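Structural description and commentary
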Amino acid sequence: MTHQTSPPEGLDIASVLARLPLFSVLTPELITHLVVAARERSLARGEVLFHRGDPSKGFYVVVTGQIKLAFSSERGNEKVVELIGPQQSFGEAVMFMDRPFPVFAEALADCRLLFIGRDAVFQLIETNPAFARSMLAGLSMRLHSLIADVESYSLQSSMQRVIGYLLQHVPDQTGSAELALPTSKQVIASRLNLTPETLSRILHELAEAQLIRVHGRQITIIDLARLRQFGL
(Lines give C-alpha, C1' and ligand atoms only; values in the text may rest on other atoms or scores of the structure.)
Protein backbone atom coordinates (compact mmCIF):
# COMPACT_ATOMS: atom_id res chain seq x y z
CA MET A 1 0.00 0.00 0.00
CA THR A 2 1.28 3.50 -0.85
CA HIS A 3 1.59 5.83 2.09
CA GLN A 4 1.47 9.61 2.02
CA THR A 5 2.25 12.12 4.72
CA SER A 6 1.56 15.83 4.71
CA PRO A 7 3.72 17.63 5.55
CA PRO A 8 6.72 15.29 5.32
CA GLU A 9 8.56 14.64 8.53
CA GLY A 10 12.22 13.87 9.16
CA LEU A 11 13.26 15.03 5.69
CA ASP A 12 14.97 18.26 4.68
CA ILE A 13 12.85 18.85 1.60
CA ALA A 14 14.41 22.24 0.85
CA SER A 15 17.85 20.64 0.64
CA VAL A 16 16.55 17.82 -1.58
CA LEU A 17 14.88 20.23 -4.00
CA ALA A 18 17.77 22.70 -4.07
CA ARG A 19 20.13 19.95 -5.27
CA LEU A 20 17.95 19.18 -8.29
CA PRO A 21 19.24 20.74 -11.54
CA LEU A 22 15.62 21.62 -12.26
CA PHE A 23 15.51 24.01 -9.28
CA SER A 24 19.10 25.27 -9.28
CA VAL A 25 18.03 28.78 -10.35
CA LEU A 26 15.53 29.23 -7.53
CA THR A 27 16.17 31.39 -4.47
CA PRO A 28 15.62 29.91 -0.99
CA GLU A 29 12.35 31.82 -0.81
CA LEU A 30 11.04 30.18 -3.98
CA ILE A 31 12.27 26.77 -2.82
CA THR A 32 10.18 27.33 0.31
CA HIS A 33 7.14 27.85 -1.93
CA LEU A 34 7.68 24.35 -3.33
CA VAL A 35 8.39 22.85 0.09
CA VAL A 36 4.95 23.90 1.28
CA ALA A 37 3.37 22.19 -1.74
CA ALA A 38 5.47 19.01 -1.47
CA ARG A 39 4.01 15.73 -0.29
CA GLU A 40 6.05 12.70 0.70
CA ARG A 41 5.18 9.23 -0.55
CA SER A 42 6.64 5.91 0.51
CA LEU A 43 6.45 2.74 -1.57
CA ALA A 44 7.56 -0.78 -0.79
CA ARG A 45 9.44 -2.77 -3.39
CA GLY A 46 7.05 -4.00 -6.07
CA GLU A 47 4.37 -1.39 -5.40
CA VAL A 48 2.93 0.56 -8.33
CA LEU A 49 2.93 4.35 -7.96
CA PHE A 50 0.64 4.92 -10.93
CA HIS A 51 -0.74 2.92 -13.83
CA ARG A 52 -0.73 3.71 -17.51
CA GLY A 53 -3.77 5.88 -18.17
CA ASP A 54 -3.91 7.42 -14.69
CA PRO A 55 -4.29 11.22 -14.66
CA SER A 56 -1.21 13.33 -14.01
CA LYS A 57 -1.49 16.03 -11.36
CA GLY A 58 2.20 16.82 -10.82
CA PHE A 59 5.62 15.25 -10.91
CA TYR A 60 7.83 13.19 -8.60
CA VAL A 61 11.34 13.35 -7.17
CA VAL A 62 13.11 10.21 -5.96
CA VAL A 63 14.75 10.74 -2.57
CA THR A 64 15.80 7.13 -1.98
CA GLY A 65 15.20 3.91 -3.90
CA GLN A 66 14.58 3.30 -7.58
CA ILE A 67 11.54 3.63 -9.84
CA LYS A 68 10.92 1.75 -13.09
CA LEU A 69 8.92 3.44 -15.84
CA ALA A 70 7.57 0.87 -18.28
CA PHE A 71 4.64 -0.29 -20.36
CA SER A 72 3.29 -3.72 -21.24
CA SER A 73 2.18 -5.04 -24.60
CA GLU A 74 -1.09 -6.89 -25.16
CA ARG A 75 0.94 -10.11 -24.99
CA GLY A 76 2.22 -9.18 -21.57
CA ASN A 77 5.77 -8.33 -22.66
CA GLU A 78 7.26 -5.48 -20.66
CA LYS A 79 9.41 -2.65 -22.05
CA VAL A 80 11.36 -0.61 -19.52
CA VAL A 81 11.51 3.00 -20.69
CA GLU A 82 13.60 4.51 -17.91
CA LEU A 83 15.10 3.78 -14.50
CA ILE A 84 14.87 6.68 -12.06
CA GLY A 85 17.20 6.89 -9.06
CA PRO A 86 17.85 9.31 -6.18
CA GLN A 87 17.98 13.02 -7.05
CA GLN A 88 16.13 12.42 -10.31
CA SER A 89 12.63 13.54 -11.22
CA PHE A 90 9.97 12.19 -13.55
CA GLY A 91 6.51 13.04 -14.82
CA GLU A 92 7.16 16.68 -15.74
CA ALA A 93 6.35 16.41 -19.47
CA VAL A 94 3.05 14.61 -18.91
CA MET A 95 2.11 17.22 -16.29
CA PHE A 96 2.49 20.02 -18.85
CA MET A 97 0.61 18.11 -21.53
CA ASP A 98 -2.34 17.53 -19.19
CA ARG A 99 -2.60 13.96 -20.44
CA PRO A 100 -2.70 10.62 -18.63
CA PHE A 101 0.51 8.77 -17.91
CA PRO A 102 1.68 6.76 -20.97
CA VAL A 103 3.60 4.33 -18.72
CA PHE A 104 3.30 2.75 -15.31
CA ALA A 105 5.71 3.43 -12.43
CA GLU A 106 6.81 0.62 -10.12
CA ALA A 107 9.21 0.63 -7.17
CA LEU A 108 12.23 -1.61 -7.74
CA ALA A 109 13.27 -1.07 -4.11
CA ASP A 110 11.72 0.55 -1.07
CA CYS A 111 11.30 4.17 -2.13
CA ARG A 112 10.85 7.56 -0.61
CA LEU A 113 9.47 10.13 -3.05
CA LEU A 114 8.38 13.72 -3.14
CA PHE A 115 5.30 14.73 -5.10
CA ILE A 116 5.11 18.34 -6.38
CA GLY A 117 1.66 19.41 -7.53
CA ARG A 118 1.38 21.17 -10.88
CA ASP A 119 -0.40 24.25 -9.42
CA ALA A 120 2.72 25.19 -7.44
CA VAL A 121 4.91 24.68 -10.52
CA PHE A 122 2.62 26.71 -12.78
CA GLN A 123 2.60 29.60 -10.30
CA LEU A 124 6.39 29.70 -10.31
CA ILE A 125 6.54 29.57 -14.11
CA GLU A 126 4.21 32.57 -14.35
CA THR A 127 6.28 34.66 -11.94
CA ASN A 128 9.86 33.47 -12.57
CA PRO A 129 11.22 33.38 -16.15
CA ALA A 130 14.49 31.77 -15.00
CA PHE A 131 12.55 28.87 -13.52
CA ALA A 132 10.54 28.51 -16.73
CA ARG A 133 13.80 28.31 -18.72
CA SER A 134 15.14 25.74 -16.26
CA MET A 135 12.04 23.58 -16.73
CA LEU A 136 12.42 23.83 -20.51
CA ALA A 137 16.08 22.86 -20.25
CA GLY A 138 15.21 19.83 -18.12
CA LEU A 139 12.55 18.66 -20.58
CA SER A 140 14.94 19.22 -23.49
CA MET A 141 17.57 17.04 -21.80
CA ARG A 142 14.97 14.30 -21.33
CA LEU A 143 14.06 14.51 -25.03
CA HIS A 144 17.74 14.35 -25.97
CA SER A 145 18.11 11.23 -23.85
CA LEU A 146 15.15 9.57 -25.58
CA ILE A 147 16.60 10.40 -29.01
CA ALA A 148 19.92 8.91 -27.91
CA ASP A 149 18.05 5.73 -26.92
CA VAL A 150 16.43 5.46 -30.35
CA GLU A 151 19.82 6.02 -31.98
CA SER A 152 21.37 3.32 -29.82
CA TYR A 153 18.66 0.77 -30.62
CA SER A 154 18.87 1.56 -34.33
CA LEU A 155 22.61 1.89 -34.93
CA GLN A 156 24.42 0.03 -32.17
CA SER A 157 24.86 -3.71 -31.86
CA SER A 158 23.67 -5.57 -28.78
CA MET A 159 27.29 -5.83 -27.62
CA GLN A 160 27.84 -2.07 -27.99
CA ARG A 161 24.70 -1.31 -25.97
CA VAL A 162 25.81 -3.51 -23.09
CA ILE A 163 29.35 -2.13 -23.08
CA GLY A 164 27.98 1.42 -23.22
CA TYR A 165 25.71 0.71 -20.27
CA LEU A 166 28.60 -0.64 -18.18
CA LEU A 167 30.83 2.30 -19.05
CA GLN A 168 28.11 4.79 -18.09
CA HIS A 169 28.58 3.69 -14.49
CA VAL A 170 32.35 4.39 -14.49
CA PRO A 171 32.70 7.31 -16.94
CA ASP A 172 35.78 8.99 -15.47
CA GLN A 173 37.80 6.02 -14.31
CA THR A 174 40.86 4.37 -15.80
CA GLY A 175 42.49 1.00 -15.23
CA SER A 176 40.00 -1.38 -13.61
CA ALA A 177 36.67 -0.67 -11.95
CA GLU A 178 34.00 -2.24 -9.77
CA LEU A 179 30.30 -1.60 -10.19
CA ALA A 180 27.07 -3.02 -8.88
CA LEU A 181 24.17 -3.34 -11.30
CA PRO A 182 21.40 -1.13 -9.91
CA THR A 183 18.64 -3.64 -10.59
CA SER A 184 17.99 -7.11 -11.96
CA LYS A 185 19.50 -8.23 -15.25
CA GLN A 186 15.98 -8.78 -16.60
CA VAL A 187 15.10 -5.11 -16.05
CA ILE A 188 18.42 -3.94 -17.49
CA ALA A 189 17.91 -6.13 -20.56
CA SER A 190 14.50 -4.56 -21.17
CA ARG A 191 15.98 -1.08 -20.72
CA LEU A 192 18.58 -1.89 -23.40
CA ASN A 193 15.95 -3.40 -25.71
CA LEU A 194 17.45 -6.87 -25.34
CA THR A 195 16.15 -10.22 -24.18
CA PRO A 196 17.52 -11.47 -20.84
CA GLU A 197 19.12 -14.36 -22.73
CA THR A 198 20.99 -11.97 -25.02
CA LEU A 199 22.24 -9.91 -22.09
CA SER A 200 23.49 -13.03 -20.30
CA ARG A 201 25.22 -14.24 -23.46
CA ILE A 202 27.00 -10.92 -23.97
CA LEU A 203 28.17 -10.76 -20.36
CA HIS A 204 29.48 -14.30 -20.75
CA GLU A 205 31.33 -13.34 -23.95
CA LEU A 206 32.91 -10.32 -22.25
CA ALA A 207 33.99 -12.54 -19.37
CA GLU A 208 35.43 -15.09 -21.80
CA ALA A 209 37.42 -12.27 -23.41
CA GLN A 210 38.78 -11.43 -19.94
CA LEU A 211 37.29 -7.95 -20.06
CA ILE A 212 34.98 -8.36 -17.08
CA ARG A 213 34.19 -10.70 -14.18
CA VAL A 214 30.59 -11.26 -13.14
CA HIS A 215 29.44 -12.27 -9.65
CA GLY A 216 25.66 -11.84 -9.52
CA ARG A 217 25.08 -8.09 -9.80
CA GLN A 218 28.73 -7.28 -9.08
CA ILE A 219 30.75 -6.52 -12.20
CA THR A 220 34.51 -6.11 -12.24
CA ILE A 221 35.81 -4.35 -15.34
CA ILE A 222 39.33 -5.70 -15.67
CA ASP A 223 40.61 -3.18 -18.22
CA LEU A 224 38.52 -0.12 -19.02
CA ALA A 225 40.62 0.89 -22.01
CA ARG A 226 40.26 -2.56 -23.61
CA LEU A 227 36.53 -2.60 -22.92
CA ARG A 228 36.08 0.83 -24.55
CA GLN A 229 38.06 -0.34 -27.57
CA PHE A 230 36.08 -3.59 -27.73
CA GLY A 231 32.86 -1.58 -28.02
CA LEU A 232 33.97 0.44 -31.05
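The following refers to the structure shown. Everything numeric in this text was worked out from a predicted model, so none of it was measured. (Residues numbered from 1 in each chain as written. Predicted model: local features only at pLDDT ≥ 70, side-chain atom pairs only at ≥ 80, totals over all residues. Heavy atoms only, no water.)

Before going further, it helps to spend a moment on the overall build of the protein. Tallying secondary structure elements over the protein gives nine helices and 12 strands in all. The C-alpha atoms of the protein give 19 Å as radius of gyration, which agrees with the globular expectation for 232 residues (17 Å, within 12%). Seen through its C-alpha atoms, the protein measures out along the principal axes to roughly 55 × 40 × 35 Å. Counting all 232 residues of the protein, 42% fall into the buried class. Long-range pairs, those at least 24 residues apart, make up 73% of the contacts in the protein with a sequence separation of at least 6. Of the accessible surface of the protein, which amounts to about 12,600 Å², a share of 54% is contributed by carbon and sulfur atoms. In the protein, 22 positive and 23 negative side-chain charges are present, and the distance between their average locations comes to 3 Å. (Helix = DSSP H or I, 4+ residues; strand = E, 2+ residues; numbered from the N terminus. Rg over C-alpha atoms; globule rule 2.2 N^0.38 Å. Buried < 20%, exposed > 50% of the residue type's maximum accessible area, 1.4 Å probe, protein only. Contact = heavy atoms within 4.5 Å. Areas by Shrake-Rupley, 256 points an atom, 1.4 Å probe, with all protein chains shown as cover. Lys, Arg positive; Asp, Glu negative; His and termini not counted. Charge placed at Lys NZ, Arg CZ, Asp CG, Glu CD.)

What follows deals with the environment of Val81. Among the secondary structure elements, Val81 is positioned in strand E6 (residues 78-84). Placed 12 residues apart in sequence, Val81 and Leu69 show a C-alpha to C-alpha distance of 5.5 Å. Discounting residues that sit within four places of it in the chain, Val81 has contacts with Leu69, Ala70, Phe71, Val103, Asp149 and Arg191.

Attention now moves to the layout of surface pockets. Quantified by volume, the largest pocket comes out at close to 1,200 Å³. If you trace the largest pocket, you find 41 residues lining it, with Glu82, Gln88, Ser145, Gln168 and Arg191 closest to the centre. When residues of the lining of the largest pocket are traced back to their parent elements, those giving at least two are E6, helix H5 (129-155) and helix H6 (158-168). Of all the elements, H5 adds the most residues to the lining of the largest pocket, at 14 residues. Taken together, the residues of the lining of the largest pocket sort by class into 16 nonpolar, 17 polar and eight charged. Empty space within the second largest pocket amounts to approximately 480 Å³. (1 Å grid on protein atoms, 1.4 Å probe; cavity = no way out; pocket = protein on both sides within 12 Å on 5 of 7 lines; lining within 4 Å. Points joined across faces, edges and corners; volume = space filled by probe spheres on them. Nonpolar A, V, L, I, M, F, W, Y, C, P; charged D, E, K, R; others polar.)

Right, let's talk about the sheet that holds strand E3 (residues 48-50) for a bit. The strand order E3-E8-E5-E6 describes an open sheet built from four strands, whose pairing is antiparallel. The open sheet has two edge strands with one neighbour each: E3 and E6. The average angle at which neighbouring strand axes cross in this sheet is 30°, direction not considered. As paired strands, strand E5 (residues 67-72) and strand E8 (residues 104-107) are joined by four bridges and run antiparallel to one another. Following the sheet pairing, Leu69 is matched in E8 by Ala105. (Pairing = 2+ DSSP bridges. Axes fitted to C-alpha atoms, helices over the stretch in contact; angles between N-to-C directions.)

With that settled, the discussion passes to the packing of helix H2 (residues 28-37) against helix H4 (residues 118-127). Viewed as axis vectors pointing N to C, H2 and H4 meet at an angle of 160°, and their least axial separation amounts to 9 Å. The orientation of H2 relative to H4 falls into the category roughly antiparallel. In terms of crossing hand, the pair formed by H2 and H4 is right-handed. Counting all contacts with H2, which are made through Leu30, His33, Leu34 and Ala37, the residues of H4 involved are Ala120, Gln123 and Leu124. Among the residues making up the contact of H2 with H4, the classes are represented as five nonpolar, two polar and no charged. (Parallel < 35°, antiparallel > 145°, perpendicular 65-115°, else oblique. Left-handed = near helix turned anticlockwise from the far one by under 90°.)

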